[in-house]
Amino acid sequence: MNMKRTLLNTALVLVTAATLAACGQDAEENKVEDAMSNTGDAIEQTMDDAGDALNNAGNAIEDAATDAGNTVEDTMTDTGNAIEDACEEAKEGVEAKDTDC
């Protein structure tokens, strides 16, 4: 939503600069060129910021997925160990010769 708003604002600046350029073509040609250049710079900066935001979001998603995977792996290991311990205790309770599970 924020990126959309920024792009719309940039488009508004571009339209305004073009309108100003059409109104005073002869008198202030350098100012129009400067305005257009500044608009181009603003658009470039907006696109850079949007790219950075997308990269940051991608990194955050990757980190969250890695953390979730690690949590699942730890939980599975703990569950397996608990099952193995319960099995060995049950075998000890019936005095089995082999208590490994």
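See the structure shown above.
The sections below set out a description of the structure shown in this document.

Cut-offs applied
- Residues numbered from 1 in each chain as written.
- Predicted model: local features only at pLDDT ≥ 70, side-chain atom pairs only at ≥ 80, totals over all residues.
- Heavy atoms only, no water.
- Disulfide = S-S within 2.5 Å.
- Helix = DSSP H or I, 4+ residues; strand = E, 2+ residues; numbered from the N terminus.
- Buried < 20%, exposed > 50% of the residue type's maximum accessible area, 1.4 Å probe, protein only.

Applying the stated criterion across every chain, the model contains one disulfide. Each sulfur of the disulfide joining cysteine 87 and cysteine 101 lies 1.9 Å from the other. Judged by the sign of its S-S torsion, about -85 degrees, the cystine formed by cysteine 87 and cysteine 101 is left-handed. Taken as a pair, cysteine 87 in helix 2 (residues 29-93) and cysteine 101 in the segment after helix 2 lie far apart in primary sequence, 14 residues in all. A relative accessible area of 29% places cysteine 87 in the partly exposed class.

Attention shifts here to the environment of glycine 40. Summarising the element assignment, glycine 40 is placed in helix 2. Classification of glycine 40 as partly exposed rests on a relative accessible area of 33%. With 27 residues separating them along the chain, glycine 40 and valine 13 place their C-alpha atoms 9.8 Å apart.

By themselves, these figures tell us nothing about what the structure is for.
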